[in-house]
Amino acid sequence: QVQLVESGGGLVQAGGSLRLSCAASGLTFSIYSMGWFRQAPVKGREFVATITRGGDNTYYADSVKGRFTISRDNAKNTVYLQMNSLKPEDTAVYYCAARLTSGILTGVNNYNYWGQGAQVTVSS
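As a starting point, this report considers the structure included with it. (Residues numbered from 1 in each chain as written. Predicted model: local features only at pLDDT ≥ 70, side-chain atom pairs only at ≥ 80, totals over all residues. Heavy atoms only, no water.)

### Points about the state of the cysteines
Summed over all chains, the structure comprises one disulfide. Between Cys22 and Cys96 runs a disulfide, and the two sulfur atoms are separated by 1.9 Å. Here Cys22, found in strand β3 (residues 18-25), pairs with Cys96, found in strand β9 (residues 92-99); they are 74 residues apart in sequence, far enough to count as distant. The pair formed by Cys22 and Cys96 is uniform in burial state, with each residue classed as buried. (Disulfide = S-S within 2.5 Å. Helix = DSSP H or I, 4+ residues; strand = E, 2+ residues; numbered from the N terminus. Buried < 20%, exposed > 50% of the residue type's maximum accessible area, 1.4 Å probe, protein only.)

### Topic: the side chain of Arg67
The residue Arg67 is located in the loop between β6 (58-60) and β7 (68-73) in this model. Side-chain polar atoms of Arg67 contact the side chain of Asp90, separated by 2.7 Å. In contact with Arg67, not counting residues within four places along its chain, are Gln82, Met83, Asn84, Ser85, Leu86, Lys87 and Asp90. (Polar contact = N/O pair within 3.5 Å; in protein donor to acceptor, adjacent residues only side chain to side chain. Contact = heavy atoms within 4.5 Å.)

### Description of the packing of aromatic side chains
We describe a pair of aromatic rings using the distance from one ring centre to the other and the angle between the two ring planes. Scanning the model with the defined rule gives six aromatic pairs in all. Seen from their ring centres, Tyr32 and Tyr113 are 6.2 Å apart, and the 55 degrees between their planes marks the pair as tilted. Pair noted here: Tyr32 is in the loop between β3 and β4 (33-39) and Tyr113 is in strand β10 (residues 113-114), with a separation of 81 residues, a long-range link. The exposure class of Tyr113 is partly exposed, given its relative accessible area of 32%. Residues Phe37 and Tyr111 carry aromatic rings whose centres are separated by 5.0 Å and whose planes lie at 80 degrees to one another, so their mutual orientation is edge-to-face. (Phe/Tyr/Trp six-rings, centres within 6.5 Å; stacked < 30°, edge-to-face > 60°.)

### A few points about the environment of Gln82
If you trace the backbone, Gln82 turns up in strand β8 (residues 78-83). Residues in contact with Gln82, not counting those within four places in the same chain, are Ser17, Leu18, Arg19, Arg67, Phe68 and Thr69. At a separation of 2.9 Å, a polar atom in the side chain of Gln82 contacts the side chain of Asn84.

### With respect to the nonpolar core
Counting residues in hydrophobic clusters, the biggest one holds 34 residues, and the most contacted among them are Trp36, Val79, Leu81, Met83 and Tyr94. Only β3, β4, β5 (46-51), β7, β8, β9 and β11 (118-123) provide two or more residues apiece to this core. Ranked by the residues each element gives to this core, the list is headed by β9, at five residues. Residues within four places of Val79 in sequence aside, it is in contact with Leu20, Ser21, Cys22, Phe29, Met34, Trp36, Ile51, Ile70, Ser71, Arg72 and Cys96. (Core = buried A, V, L, I, M, F, W, Y, C linked by side-chain atoms within 4.5 Å.)

Such coordinate-based values are descriptive only and should not be taken to indicate function.
What follows is the structure, given as structure tokens:
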């Protein structure tokens, strides 16, 4: 059974930092590309960042480029999202997701497995 478990969310002041982790089990982690998405209240789920299987290629939404960094540790079956210079508009539930396809893909429907989400709240 595939499980993706996010951790590291919380409440932070604007300008602060958080690091999200997503631990994967039940799959061969190194052959999956990984992504982070977020969903704010009354909004759809939106793409944040993605990283390829070997970690050699990353891609970000324009809204987080230069502030967020996605990385992975295949030995630990974990993907991370380092979030710096947080803004109130970053407030959302953050989800990690896995897909078997290669390359850079940002659509929700491209991903096969999802975590349960972690709340990130940025106060002004």
